[in-house]
Amino acid sequence: MNKHTLITVIVTLGLLIFCAQVNSQPMNEEQGVQNAIASSDHAALVMYYEDQAKEMEAKVQEHKKLLAKYKNYSSRYGKPAELLKVHCRRLINNYEQAVAENMSMADAHRQMVQE
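Described below are features of the structure shown in this document. Values in this document were obtained by computation on a predicted structure and should not be read as measured data.

**Let's talk about the packing of aromatic side chains**
Inspection of every chain in the model, using the stated rule, returns one aromatic pair. On the numbers, 5.2 Å between centres and 70 degrees between planes, the contact of Tyr-48 with Tyr-49 is edge-to-face. Each member of the pair, Tyr-48 as well as Tyr-49, is classed as buried. The lysine or arginine in question, Arg-76, covers the ring of Tyr-73, its NZ or CZ lying 4.7 Å from the ring centre.

**Overview of the pattern of salt bridges**
Under the counting rule described, the total for this entry stands at four salt bridges. With its nearest N and O atoms 2.0 Å apart, the salt bridge here joins Glu-50 to Arg-110. Placement of the pair is Glu-50 in helix H3 (residues 39–72) and Arg-110 in helix H5 (residues 80–114), with a sequence separation of 60 residues. According to the relative accessible area criterion, Glu-50 is partly exposed, its value standing at 23%. The class of Arg-110 is partly exposed, set by a relative accessible area of 26%. Between Lys-85 and Glu-82 there is a salt bridge, with the nearest N and O atoms lying 2.8 Å from each other. Here the residue Lys-85 and the residue Glu-82 both occupy positions in helix H5, the gap between them amounting to three residues, near one helical turn. Here Lys-85 falls in the buried class, since its relative accessible area comes to 9%. The class for Glu-82 is partly exposed, based on a relative accessible area of 46%.

**Thoughts on the nonpolar core**
Counting 14 residues, the largest nonpolar core has Met-56, Tyr-70 and Tyr-95 as the members making the most contacts within it. If you list the elements that add at least two residues to this core, you get H3 and H5. Ranked by residues supplied to this core, first place goes to H5 with eight residues. Grouped together as the second largest cluster of nonpolar side chains are five residues, Leu-45, Val-46, Tyr-48 and Tyr-49 included.

**Looking at the environment of His-109**
In this structure, His-109 sits in helix H5. Judged by its relative accessible area of 3%, His-109 is buried. Considering only alpha carbons, one finds His-109 and His-42, 67 residues apart in sequence, at a separation of 5.3 Å. Polar side-chain contacts of His-109 include one of 3.0 Å to the side chain of His-42.

**What about H5?**
Taking 1.5 Å as the rise per residue, H5 with 35 residues should run 51 Å; its terminal C-alpha atoms sit 51 Å apart, in good agreement. Looking at H5, one finds that the buried residues are Ala-81, Leu-84, Lys-85, Cys-88, Leu-91, Ile-92, Tyr-95, Ala-98, Val-99, Asn-102, Ala-106 and His-109.

Quick notes on the rules
Residues numbered from 1 in each chain as written. Predicted model: local features only at pLDDT ≥ 70, side-chain atom pairs only at ≥ 80, totals over all residues. Heavy atoms only, no water. Phe/Tyr/Trp six-rings, centres within 6.5 Å; stacked < 30°, edge-to-face > 60°. Buried < 20%, exposed > 50% of the residue type's maximum accessible area, 1.4 Å probe, protein only. Lys NZ or Arg CZ within 6 Å of the ring centre and 35° of its normal. Salt bridge = Lys/Arg side-chain N within 4 Å of Asp/Glu carboxyl O. Helix = DSSP H or I, 4+ residues; strand = E, 2+ residues; numbered from the N terminus. Core = buried A, V, L, I, M, F, W, Y, C linked by side-chain atoms within 4.5 Å. Polar contact = N/O pair within 3.5 Å; in protein donor to acceptor, adjacent residues only side chain to side chain. Expected span 1.5 Å × (residues − 1).

From the geometry alone we can't say anything about function, so treat these as descriptive.
Here it is, written out as structure tokens:
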């Protein structure tokens, strides 16, 4: 196994491990929404969804840094750099969508608090 193949395998495994750690959602979201009756319940859900959005935004920023690194040093990573860039772009898009969805849910529950 040559040096470049070994580096590629290590980077790929690192990314897979990192991506596998995507939020395990400690709160049972569905049950929380169904049981939300009081204004305080909805306020708690607002905080939950905002926290989720912040976590996803942090992941967006993290992957944007990785993407820039792969772009700037693509000669160092060789052919696999293109795959890594595509992977980062997809994750960025997924996380950005998750941010938008979580903020939308936070806004919906915020309106219920105000009613």
